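Fold and contact review
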Amino acid sequence: MAGEDASLYALMESNFPVDRNRIAMELPDRGGSAWSFDDLSEGAGRCAGFLDALGLKKGDRVAVQVEKSPEALLVYLACLRGGFAFMPMNTAYRTEEVDYLVGNAEPALVICDPSRESEIAEIANRQAGAKVLTLDAEGKGSLADALAAHGNEQLPPVPCAPEDLAAILYTSGTTGKPKGAMLSHRNLASNGLALRDTWRFSADDVLLHALPIFHAHGLFVACHCALLSGARMIWLGKFDRDRVLAELPRATVFMGVPTFYTRLLAGSGLDAEAVRNMRLFTSGSAPLLTETFDAFRERTGHTILERYGMTETGMNASNPYDEERRAGTVGFALPGTEVRVTDDNDNVLPQGETGGLQVRGANVFSGYWRMPEKSAEEFAEGGWFRTGDVARIDEDGYVHLVGRAKDLIISGGFNVYPKEIEEIVDDMPEVDESAVIGVPHADFGEAGVALVVLRAGEALDEETLLARLKERLANYKVPKRAFFVEELPRNTMGKVQKNLLRDEYRETCRPAA
Ligand code: AMP
């Protein structure tokens, strides 16, 4: 007989409470209705049965660009259960972005919002010959209709090998084109278990879930902790300060990007009483400022636990649960994961020195979808993945992230890759060249600023340029400001010196005093 079943879905079900009637998801957006663990299992089974009947085969991609809903989570669980690869797409992606991803991944099925059906159907048909179904935030659409017609037949969980593909998450690279990180059942399961145990999740927990689920943070980190411990989730469609404050008193765990915390702190209502049942607040996806960390502790008595991860690896490091949680650090490598800091030639540096951060472990992905060469380039000998983050490990072993080698901008917790925007700006007929940099922003942490060199004799204003970008890019990627300059500063190798630009334009996105 082949090796043991490594299906993440089977692992989840084995951790569901013995009493399957216990509540798995509270749905305040649906008038306070709730789903039990039995509902989840049955819903995933029916949806997997439907996908199977549709003709999907093991390993087929299911591309999903929908508003957050409990049904969207069911589609994910159905994919895990049926051995299909779940491929979430950011809801902010516009036509051009979806077109590229669908062309690259060639899914067998695309699920989209009803409002975009005709546009996505054209793309799905042209790029992949894929079927299209719709799902809205209320769980309605042609997917719901088809499921109703399919009836109650369930697909039993399909056994999976550890390396079987569970999900593909696209993440942009320095090339500007997104790359599909291939995540296996082993990657996701090992990381989920490590987080569950490190953060002491149990069936008594109530996780307030306000993160999007097209990203690893909300989909994997948050949902896996809950589903691998039989905990309950309070499921919010999005982060809304008032809604979060209203639900917080019933929750025991909350996970956020730093922007969530700065927003919670801005205004009244966040106090010790509001967090009376909480045991854990975590933060990640972007740096948590020490002032936010301190202010939160002062206001609530809770010390936010900061952790670090990325799409390709899941979570790599976390501040400790019991010992000191240190501001400005991401703690220690998680169990089963190793981290090291190296020079540009992959030589390990002495503790305390700053260099490239590399990680290794069962959590680390196997490569990018259909990009074997690019994938191989990202790994050093011995299976070490070069994260592209620059870090230092202090004398006590805490990891400090000090920068990003690849000029990534993180705005409101979302990654923005300058190259992708620069290419669009450079395509404009009036433009000679451009550079996009990240500068401090009070609300988003960082915001993009475009520096643009016009062709001789051409004219273009800031408003027009930004409006054109808005038509083609998700809002969070669009720079907050654009400035027109005579030339870009370059070094002798011809590379644009973005560090000089960052210094010069540092103050352009701070609020007026
Ligand atoms: P993503 O693939 O969208 O999850 O983005 C991964 C990147 O986010 C990492 O490579 C880091 O640069 C950054 N990141 C994640 N967590 C943190 C953190 N706690 N502090 C600073 N940067 C972080």
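Here the focus is the overall build of the protein. The helix and strand tally for the protein stands at 15 helices and 26 strands. In terms of overall size, the protein behaves like a compact globule, its C-alpha atoms giving a radius of gyration of 23 Å where 513 residues would be expected to give roughly 24 Å. Principal-axis analysis of the C-alpha atoms gives the protein an extent of 65 × 55 × 50 Å. Here the protein, with 513 residues, has 56% of them falling under the buried criterion. Of the roughly 21100 Å² of accessible surface on the protein, a fraction of 48% belongs to carbon and sulfur atoms. Distance between charge centroids for the protein: 1 Å, based on 54 positive and 77 negative side chains.

Let's shift gears to the nonpolar core. Of all hydrophobic cores here, the largest spans 109 residues; its most connected members are Y76, L77 and F254. Built from parts of two domains, this core gets at least three residues from each of domain 1 (8–198) and domain 2 (239–404). Counting residues in each nonpolar core, the second largest holds 40 residues, with A85, V132, V416 and V431 among its members.

Attention now moves to the packing of aromatic side chains. For the coordinates displayed, the defined rule picks out 18 aromatic pairs. Ring centres 5.2 Å apart and planes at 85° place the aromatic pair Y261 and F296 in the edge-to-face group. In this pair, Y261 is assigned in helix α10 (residues 258–265) and F296 in helix α11 (residues 290–300), connecting sequence segments 35 residues apart. In this structure Y261 comes out as buried when scored by relative accessible area, which is 0%. Taken together, a centroid distance of 4.5 Å and an interplanar angle of 45° make the contact between F332 and Y398 tilted. Within this pair, whereas F332 is found in strand β15 (residues 332–333), its partner Y398 is found in the loop between β20 (384–393) and β21 (399–404), the two being separated by 66 residues in sequence. Directly above the aromatic system of W235 lies the positively charged group of K68, at a separation of 4.7 Å from the ring centroid. Seen from the ring of F201, R279 lies directly overhead, with NZ or CZ sitting 5.4 Å from the centre.

As a general point, the strands of a sheet are linked pairwise by backbone hydrogen bonds and lie either parallel or antiparallel. The strand order across the open sheet built from nine strands is β2-β1-β10-β9-β11-β12-β13-β14-β15, with neighbouring strands paired in mixed fashion. This sheet does not close on itself; its edge strands, each paired only once, are β2 (33–36) and β15. With two bridges connecting them, strand β14 (residues 314–318) and β15 associate as antiparallel partners. Looking at the pairing, A317 lines up with A333 of β15. The sheet contacts of helix α2 (residues 37–53) involve β1 (23–27) and β2, and relative to β2 the element is tilted by about 70°.

Right, let's talk about the environment of G356 for a bit. Tracing the backbone shows G356 in strand β17 (residues 354–361). Under the relative-accessibility criterion, G356 is labelled partly exposed at 28%. Separated by 145 residues in the primary sequence, G356 and L211 have C-alpha atoms spaced 29 Å apart.

As a measure of interface size, the accessible area lost when the parts come together is often cited. Each assigned domain of the protein is listed with its residue range as follows: domain 1 (8–198), domain 2 (239–404) and domain 3 (408–505). Summarising the inter-unit geometry, the C-alpha centres of domain 1 and domain 2 are found 26 Å apart. Here domain 1 and domain 2 share an interface that buries about 2100 Å² over both sides, 55% of which is from carbon and sulfur atoms. Three residues stand out in domain 1 for area buried against domain 2, namely K179, M182 and T198, and they jointly supply 28% of the buried area on that side. The closest approach of N and O atoms between R370 and E106, which form a salt bridge, is 2.6 Å. Put simply, domain 1 and domain 2 have ten residue pairs in polar contact (both at pLDDT 80 or more) between them. Of all the secondary-structure elements, those providing two or more residues to the side of domain 1 that touches domain 2 are α4 (95–105), β7 (165–172), β8 (178–184) and α7 (185–198). It is α7 that contributes the most residues to the side of domain 1 that touches domain 2, seven residues altogether. The residue makeup of the side of domain 1 that touches domain 2, split by class, is eleven nonpolar, seven polar and six charged.

So, about the pairing of strand β10 (residues 232–235). Where β1 and β10 come together, two bridges link them in parallel fashion. In the sheet register, M25 faces β10, and the bridge partner there is M233. Two strands pair when backbone bridges link them, and strand β9 (residues 206–209) and β10 are joined in this way by four bridges, in the parallel orientation. Residue pairing for β10: V206 is matched across the bridge by R232. For the handedness criterion, the β-α-β arrangement of β9, helix α8 (residues 216–227) and β10 is classed as right-handed.

This next bit is on the site of the ligand. Residues in contact with the ligand amount to 16 residues; listed here are only the nearest, H215, E306, R307, T311 and D389. In this structure, S285 approaches the ligand through a main-chain N or O atom, which is 3.2 Å from a nitrogen atom. Between R307 and the ligand, the recorded distance is 2.8 Å, taken from a backbone N or O atom to a nitrogen atom. Contributions of two or more residues to the shell around the ligand are made by β13 (305–310) and β21. Sort the elements by how many residues they give to the shell around the ligand and β13 lands first, with five residues.

Glancing now at a negative patch on the surface. Residues E423, D426, D427 and D432 make up a contiguous surface patch of negative charge. Among the elements that make up the negative patch, the one with the highest residue count is helix α13 (residues 418–427) (three residues). With respect to the helices, strands and loops of the structure, D426 is situated in helix α13. Using a relative accessible area of 30% as the deciding quantity, one classes D426 as partly exposed.

Inspection of the secondary structure puts H302 in the loop between α11 and β13. H302 gets classed as buried once you look at its relative accessible area, which sits at 17%. Setting aside its immediate chain neighbours within four residues, H302 contacts V275, M278, R279, F281, F296 and R297.

Packing of α13 against helix α14 (residues 462–472) leaves a shortest axis separation of 11 Å and a crossing angle of 120°. By the angle class used here, α13 and α14 are oblique. Considering the relative orientation of α13 and α14, their crossing is right-handed. Where α13 abuts α14, its residues I421, I424 and V425 lie against L465, L469 and R472.

Reading the values: rules and limits
- Every chain begins its residue count from 1, and numbering advances along the sequence as written.
- Given that the model is predicted, a residue must reach a pLDDT of at least 70 before its local features are reported, and side-chain atom pairs must reach 80 or more before they are shown or counted; all residues, however, enter totals for whole chains, interfaces and linings.
- Hydrogens and water are ignored here; the side-chain numbers use all heavy atoms of the structure.
- Helix numbers and strand numbers start at the N terminus; a helix is a DSSP run of H or I with at least 4 residues, a strand a run of E with at least 2.
- The atom set for the radius of gyration is the C-alpha atoms, and the globule formula is 2.2 Å times the number of residues raised to the power 0.38.
- To sort residues, take the accessible area from a 1.4 Å probe on protein chains only and compare it with the maximum for the residue type: under 20% means buried, over 50% means exposed, and anything in between is partly exposed.
- Where accessible areas are quoted, they stem from the Shrake-Rupley method and a 1.4 Å probe; at the residue level, only the protein chains shown are allowed to cover.
- The positive count covers Lys and Arg only, the negative count covers Asp and Glu only, and His and the chain ends enter neither.
- Just so you know, the charge point we use is NZ for Lys, CZ for Arg, CG for Asp and CD for Glu.
- We define the nonpolar core as a collection of buried residues of types Ala, Val, Leu, Ile, Met, Phe, Trp, Tyr and Cys that are connected through side-chain atoms lying within 4.5 Å of one another.
- Source of the domain bounds: an automatic or database domain assignment.
- When two rings of Phe, Tyr or Trp (its six-membered ring) have centres within 6.5 Å they constitute a pair, described as stacked for plane angles under 30 degrees, edge-to-face for angles over 60, and tilted for the intermediate range.
- For a ring to carry a charge above it, either NZ of a lysine or CZ of an arginine must fall within 6 Å of the ring centroid while also lying within 35 degrees of the normal to the ring plane.
- Only strands joined by at least two bridges in the DSSP assignment are considered to pair.
- We call two residues in contact whenever any of their non-hydrogen atoms come within 4.5 Å of each other.
- Only the stretch in contact is used when a helix axis is fitted, and all axes are lines through C-alpha atoms; the angle between N-to-C directions ranges over 0 to 180 degrees.
- Buried area is understood as the total, over both parts, of accessible area removed when two parts are fitted together, assessed with a 1.4 Å probe.
- We define a salt bridge as a contact between a side-chain nitrogen of Lys or Arg and a carboxyl oxygen of Asp or Glu at a distance within 4 Å.
- Within 3.5 Å is the distance limit for a polar contact, defined as a pair of N or O atoms, with the added protein rule that one can donate a hydrogen and the other accept it, and that residues adjacent in sequence qualify only through two side-chain atoms.
- Residues are grouped as follows: nonpolar covers Ala, Val, Leu, Ile, Met, Phe, Trp, Tyr, Cys and Pro; charged covers Asp, Glu, Lys and Arg; every other residue, Gly included, is treated as polar.
- Looking down the strands as they point away from the viewer, one classifies a crossover as right-handed if the path from the first strand across the helix to the second runs clockwise.
- Throughout, near means a residue has at least one heavy atom within 4 Å of the molecule or strand.
- Put simply, a patch holds well-exposed residues, over 30% relative accessible area, that have no salt bridge, with like charges counted together within 9 Å and Val, Leu, Ile, Met, Phe, Trp or Tyr side chains within 5 Å.
- Angle categories: roughly parallel below 35 degrees, roughly antiparallel above 145, roughly perpendicular from 65 to 115, and oblique for all the rest.
- Here is the rule for handedness: rotate from the far helix to the near one, and if that takes an anticlockwise turn smaller than a right angle the crossing is left-handed, while a clockwise turn gives right-handed.

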